[in-house]
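Each chain, written out:
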Amino acid sequence: MDSTTPEALAGMRETASPATLPADTLKADILWHVLYSLGRDNERPDRQTVFRALALALRDRLVEKWIASQRAIYAKSSKRVYYLSLEFLPGPFLRQNLIALGLEKEARDALTELGFTLDDVAGEEWEPGLGNGGLGRLASCYLDSMAALRLPAYGYGIRYAFGIFHQLIRDGQQVERADNWLRGGQHWEFERTHYMHPVRFYGSVREWVDEQGRLRHTLEGGSTVMAMACDMFIPGYRNDYVLNMRLWAAKSSREFEFSFFNTGDYIGAVEKKIRDENISMVLYPNDEAPEGKELRLKQQFFLVSATMQDIVRRFRKKGVAWDQFPRKNVIHLNETHPAVAIPELMRLLVDEELLPWEEAWYICVRTFAYTNHTVLPEALEVWPEELFRKVLPRHLQIIYEINRRFLHDVRRQFPHDPGLLARVSLIHEGEQRFVRMSHLAIVGSFSVNGVSAHHSNIIKESIFNEFYKIFPERFNNKTNGITPRRWLRQCNPTLAWLITEHIGTEWLTDLEQLKKLEPYAESAGFQKAWMEVRLRNKQKLAEYIHAKNGITILPESLYDVHVKRFHEYKRQLLNILHVITLYNRIRRDPDAGIVPRTFIFGGKAAPGYYMAKHIIQLINAVGYTINTDPRVGDMLKVVFLQNYCVTLAERIMPATDLSEQISTAGMEASGTGNMKFALNGAITIGTHDGANIEMLEHVGDENLFLFGLLSHEVEDLRRQGYNPRTFYETDSELREVLDMISGGYFSPGDPHMFRDIVESLLNHGDRYMVLADFRSYAYRQQDAARAYLDQPGWARRSMLNTARMGFFSSDRSMGEYARDIWGVEGV
Ligand code: GLS
């Protein structure tokens, strides 16, 4: 067999240790599951059936290792990490699990004997879209790394019946379709139908005095929903260690149903069941914009209440005193979405365990840690006080008490700043009162971290500056990372193999090893091999694009890729303005010597986000005009790939030349797509924002195209009074582009179609400073094009990007969290 193929790579079993279930029975196990688990004829199973049976055969192997891992955690009585997140975006499991278990080759062989290829069978998997974007995907990279590092950890989330919507592009516009990811069955998880916790909402608080004269609080009335555990397994890379991600599904409570049934209200009982189970029905499709709906608050508490019951149950088994709780548990809040865990723990300790408030609070602030993922003011979560009182009346009381004591301390510490109290209060006062979840999370946690060095500085210096003055020791940075197992080894097997051939396999668990590639950057032979692999990846993407969009693209053209959620601050608009600029240059002079480029866009817009959806439409309209203009030919192509998701990202990352990371400086907390592209050898064009800045430090400024205003320049400009019109008036190329859009050049049937977009730039302040950065972006794009013409130079840059991305492994991030925040070690 050719040793450079992914098949050969799959054959490497360097550190694999034998599973209890042997690898060579995989085929028999698949056939067994076809018959006995799926109830199908196992003489001629179809592809979907084979996929499901293979998943079940792997789940068998995972569960053995999971039990062993749990036993090891118990035996060591380790401190446990609970990672709470309303979102996880794991992506398809099949290949990832095969790689982690070291069973890729066995699976290929077994499938070949059954008449299938692994590619075909893997194509049958529907990924669980239980997250919106970066935040959820980060949580999944972190679970992968926690497992790789053998941390005593658990992921906790919600098993939404419908994940992020499926995006279709119809007539150039986004259309949303429900994502019924469970329809194909639940082959990776175990549903723990016997394992339920009651979760209680609404009701009213009764105050009473007990025999010892203590003031007590009891919640009366309200309604109860059951949380059923569904466990999915996350294997560590070839280390026999398996973690679980426990996702809660809402089930109606039996008692209620029976009482209804007894009174003969059958339909009423069924309706109640449906209402209850709605809680885990759907993921809110907003990235960085809280929805503020009652159901969302219920989802948050549903996750928190069920998880806290699980944590307390495990803790109780140890039989140690409550003051040991923080030594045995750390609860990590992924954003403020699960921050109601803080008053929930207080409630458990004070109302149920009858601990004095001070003692309970002491436990609380030594247990929680909080990661902030955004500085956009509109994304900072707040809840109308009225709604909070209705849904969680006791929790609101507890928040008041936390706030009263906190403000008392602040007043003592800063007696001469009376305005400070209102600014740091957990309650925003005004016509309407709101609970500020970020303030709650900061006050209730011993650690508050940002997700890139730049972002963590912004937190300290601006958005949470006053908290930083009150609790300086709590603030720290943990730069995000990505898992190299999925984002190189799995998605780019041929490049992974080329790397392994030269530097061995250690990079898979120690990404800094990629540094060893640096000496090869000058080798003509290695450059050639590198570029061949990249070209093959680009050909594959071209085939996919041809099949999906019917557009033919040149694999040799520069693939300039912008994939991520659609948000104005991410500035897909800036990109398309530049595309139109190139188009105009070609129209003026077809021999202008433009480097042939393929612009690829992808990403979802929140269904209610008008401007983001409008920008998607503009991109598609521009694409249509350019792709059908005979003057342009192969020089420019614009492609919008629908339904960007993890599966699609895995296709795109390995085939990208230029990675667009062009947010307005100061607005992108970190970004993680930027890391995935660079790890696969793409070169970044980006702003001084988020983790781009650290990437620059690592890869060197000759290997990354930076442009645009710095964060403080953005702020200065805004303060001085930014006038976008000056740019329009002084830059004729820019003016031409904007006039074409507002004049209907790309929407001849409806000339006004895109006026709002131009209006937002020229007459509504251009909040994201698109026009201010346009010229420097266009210049930098020219540099990129020139650099691409020098292919050996590009190969060198590409390799150095990969070689220097070691720092951005999520293993490094998780190692830092474990050491600096959680105080835990591998089992
Ligand atoms: C986000 C940020 O916008 C990203 O910059 C960041 O990389 C990600 C993970 O930390 O978190 N915050 C958010 O609400 N959605 C995100 O993707």
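About the cut-offs
Residues numbered from 1 in each chain as written. Predicted model: local features only at pLDDT ≥ 70, side-chain atom pairs only at ≥ 80, totals over all residues. Heavy atoms only, no water. Helix = DSSP H or I, 4+ residues; strand = E, 2+ residues; numbered from the N terminus. Rg over C-alpha atoms; globule rule 2.2 N^0.38 Å. Buried < 20%, exposed > 50% of the residue type's maximum accessible area, 1.4 Å probe, protein only. Contact = heavy atoms within 4.5 Å. Lys, Arg positive; Asp, Glu negative; His and termini not counted. Charge placed at Lys NZ, Arg CZ, Asp CG, Glu CD. UniProt positions renumbered as here; feature names shortened; annotations may be inferred. Pairing = 2+ DSSP bridges. Domains from an automatic or database assignment. Buried area = accessible area lost by both parts, 1.4 Å probe. Salt bridge = Lys/Arg side-chain N within 4 Å of Asp/Glu carboxyl O. Polar contact = N/O pair within 3.5 Å; in protein donor to acceptor, adjacent residues only side chain to side chain. Near = heavy atom within 4 Å. Nonpolar A, V, L, I, M, F, W, Y, C, P; charged D, E, K, R; others polar. Axes fitted to C-alpha atoms, helices over the stretch in contact; angles between N-to-C directions. Parallel < 35°, antiparallel > 145°, perpendicular 65-115°, else oblique. Left-handed = near helix turned anticlockwise from the far one by under 90°.

Caption draft 1: Representation of the overall build of the protein in the model. A count of helical and extended segments in the protein gives 34 helices and 22 strands. Against the 2.2 N^0.38 benchmark of 28 Å for 827 residues, the protein shows a C-alpha radius of gyration of 27 Å, consistent with a compact globule. Taken over the C-alpha atoms alone, the protein extends approximately 90 × 70 × 55 Å along its principal axes. Taking all 827 residues of the protein together, 62% fall into the buried category. The contacts in the protein between residues at least 6 apart in sequence include a share of 77% that link residues at least 24 apart. Considering the protein, the positive charge centre built from 99 side chains and the negative charge centre built from 106 side chains are found 3 Å apart.

Caption draft 2: Region of the structure containing the UniProt feature "modified residue: N6-(pyridoxal phosphate)lysine" (unreviewed entry) in the protein. Here the UniProt-annotated "modified residue: N6-(pyridoxal phosphate)lysine" (unreviewed entry) positions come out as Lys676. Here Lys676 lies in helix 26 (residues 673–679). Excluding residues within four positions of it along the chain, Lys676 makes contact with Arg137, Ile482, Trp487 and Met653.

Caption draft 3: Main features of the sheet that holds strand 13 (residues 427–428). Spatial strand order, 12-14-13: three strands in an open sheet with antiparallel pairing. The two strands at the open ends of the sheet, each matched to only one other strand, are strand 12 (382–384) and strand 13. As paired strands, strand 12 and strand 14 (residues 434–436) are joined by three bridges and run antiparallel to one another. Each bridged residue has a counterpart across the sheet, and for Trp383 the counterpart in strand 14 is Val435.

Caption draft 4: How the structure looks around the domain arrangement of the protein. Each assigned domain of the protein is listed with its residue range as follows: domain 1 (77–92 + 127–478) and domain 2 (484–813). Each of domain 1 and domain 2 has a C-alpha centre, and these two points are 35 Å apart. Across the boundary between the two partners, domain 1 contributes 42 residues, which contact 45 residues of domain 2. Both faces considered, domain 1 and domain 2 share a buried interface measuring about 3,500 Å² in area, 53% of it formed by carbon and sulfur atoms. Remark: the boundary between domain 1 and domain 2 carries three salt bridges. Across the salt bridge formed by Glu378 and Arg767, the nearest N and O atoms sit 3.2 Å from each other. Where domain 1 touches domain 2, the interface holds 22 residue pairs in polar contact (both at pLDDT 80 or more).

Caption draft 5: Seen up close, the site of the ligand. Neighbouring the ligand are 14 residues; Glu288, His373, Asn480, Glu668 and Gly671 lie closest to it. At 2.4 Å, a side-chain N or O of Glu288 approaches an oxygen atom of the ligand. With respect to the ligand, the side chain of Asn480 contributes an N or O atom lying 2.9 Å from an oxygen atom. Here the residues of the shell around the ligand sort into five nonpolar, six polar and three charged. Taken domain by domain, the shell around the ligand gets at least three of its residues from each of domain 1 (77–92 + 127–478) and domain 2 (484–813).

Caption draft 6: Inspection of unusual backbone geometry at higher detail. In this structure, Asp171 takes a positive phi of about 50° despite not being glycine. By the secondary structure assignment, Asp171 is in the loop between strand 3 (166–170) and strand 4 (173–177). The class of Asp171 is exposed, set by a relative accessible area of 77%. A positive phi angle, near 60°, is found at Arg571, a position not held by glycine. Considering the arrangement of structural elements, one finds Arg571 in the loop between strand 17 (558–563) and helix 23 (572–588).

Caption draft 7: How the structure looks around the side chain of Arg246. Its place among the elements puts Arg246 in strand 9 (residues 242–252). Taking the relative accessible area as the measure of exposure, Arg246 reaches 6% and is therefore buried. A distance of 2.7 Å separates polar atoms of two side chains, one belonging to Arg246 and the other to Asp231. Polar side-chain contacts of Arg246 include one of 2.8 Å to the side chain of Asp310.

Caption draft 8: The pairing of strand 8 (residues 223–235), seen in detail. In terms of burial, strand 8 is a largely internal element, 13 of the 13 residues being buried. Neither face of strand 8 is exposed, since Ser223, Val225, Ala227, Ala229, Asp231, Phe233 and Pro235 on one face and Thr224, Met226, Met228, Cys230, Met232 and Ile234 on the opposite face are all buried. Pairing geometry for strand 8 and strand 9, over 11 bridges, is antiparallel. For Ala229, the partnering residue across the bridge sits in strand 9 and is Trp248. Here strand 8 folds back onto strand 9 in antiparallel fashion, the turn holding six residues, of which Arg238 has a positive phi close to 45°.

Caption draft 9: Expanded view of the packing of helix 23 against helix 24 (residues 610–627). Two numbers describe how helix 23 lies on helix 24: the axes approach to 10 Å, and their chain directions differ by 15°. The angle between helix 23 and helix 24 places the two elements in the roughly parallel class. The element helix 23 and its partner helix 24 pack so that their crossing is left-handed. Contacts between helix 23 and helix 24 involve Gln572, Leu573, Ile576, Val579, Ile580 and Tyr583 on the former and, on the latter, Ile615, Leu618, Ile619, Val622, Thr625 and Ile626. Here the residues of the contact of helix 23 with helix 24 sort into 10 nonpolar, two polar and no charged.

Caption draft 10: Seen up close, the environment of Lys538. For Lys538, the position within the fold is in helix 22 (residues 524–549). Note on Lys538: relative accessible area 4%, which makes it buried. The sequence separation of Lys538 and Met653 amounts to 115 residues, and the corresponding C-alpha distance is 9.9 Å. Beyond its immediate chain neighbours, meaning those up to four positions away, Lys538 contacts Pro555, Glu556, Ser557, Tyr559, Ala655, Asp657 and Tyr788. From its side chain, Lys538 meets the backbone oxygen of Pro555 in a polar contact 3.2 Å long.

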